[in-house]
Amino acid sequence: MSLLNCVDREIGRFGSQVTICQGGQRIPARAFVEPLRYRNKIYIGGEYRPLGKLRREKYLYVGSASHRLEENHSVIESQGAQYIVKRCETYFVKDTPVYEWAIMVPCGAVREDDYERDMAET
């Protein structure tokens, strides 16, 4: 069994039901969606800060390589919540795409990353 088939099988077997919304299409799929914990901030350029008023939570998506995502366009619906993809990449082994991963944030909430730092100074 190839690595690609093994990864796809396990995502299909253990992943949650999600809907990928992009380009006017709604694509049902299975994927892993979980919150990024404090230790994962190294991957998203986070800084250690005291609790504030802005939402800073981020979520990890791992799904099949057959469903390519687009940064700031793809929306993932999972467990009654919607998340927008902020960063995504395809993981390759040799020249074969194995899985798609993404960093997501909840849709519709004001988040610290959405502010322009220069706008506050003008």
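Small disclaimer: the values here were computed from a predicted structure and weren't measured. (Residues numbered from 1 in each chain as written. Predicted model: local features only at pLDDT ≥ 70, side-chain atom pairs only at ≥ 80, totals over all residues. Heavy atoms only, no water.)

So, a nonpolar patch on the surface
- On the surface, Leu3, Tyr91 and Val93 cluster together to form a nonpolar patch covering roughly 250 Å² of accessible area.
- Relative to the elements of secondary structure, Tyr91 occurs in strand S5 (residues 81-93).
- By relative accessible area, which is 40% here, Tyr91 ends up partly exposed. (Patch = residues over 30% accessible without salt bridge, like charges linked within 9 Å, V, L, I, M, F, W, Y side chains within 5 Å. Areas by Shrake-Rupley, 256 points an atom, 1.4 Å probe, with all protein chains shown as cover. Salt bridge = Lys/Arg side-chain N within 4 Å of Asp/Glu carboxyl O. Helix = DSSP H or I, 4+ residues; strand = E, 2+ residues; numbered from the N terminus. Buried < 20%, exposed > 50% of the residue type's maximum accessible area, 1.4 Å probe, protein only.)

Looking at the packing of aromatic side chains
- Counting across every chain of the model gives two aromatic pairs.
- With a centroid separation of 4.7 Å and an interplanar angle of 50°, the aromatic rings of Tyr59 and Tyr83 are classed as tilted. Separated by 24 residues along the polypeptide, Tyr59 in strand S3 (residues 59-64) and Tyr83 in strand S5 bring together distant segments of the chain. Residue Tyr59 shares its accessibility class with Tyr83, and that shared class is buried. (Phe/Tyr/Trp six-rings, centres within 6.5 Å; stacked < 30°, edge-to-face > 60°.)

Thoughts on the confidence of the model for the protein chain
- The share of residues in the protein chain with pLDDT of 70 or more is 72%, and the mean pLDDT across the chain is 81.
- For the protein chain, the element scoring lowest by mean pLDDT is helix H2 (residues 117-121), at 46; strand S4 (residues 75-78) scores highest, at 96.
- In this model, residues 115-122 is a region of pLDDT below 50 whose contacts with residues beyond four sequence positions or in other chains number three contacts. (pLDDT = per-residue confidence, 0-100. Contact = heavy atoms within 4.5 Å.)

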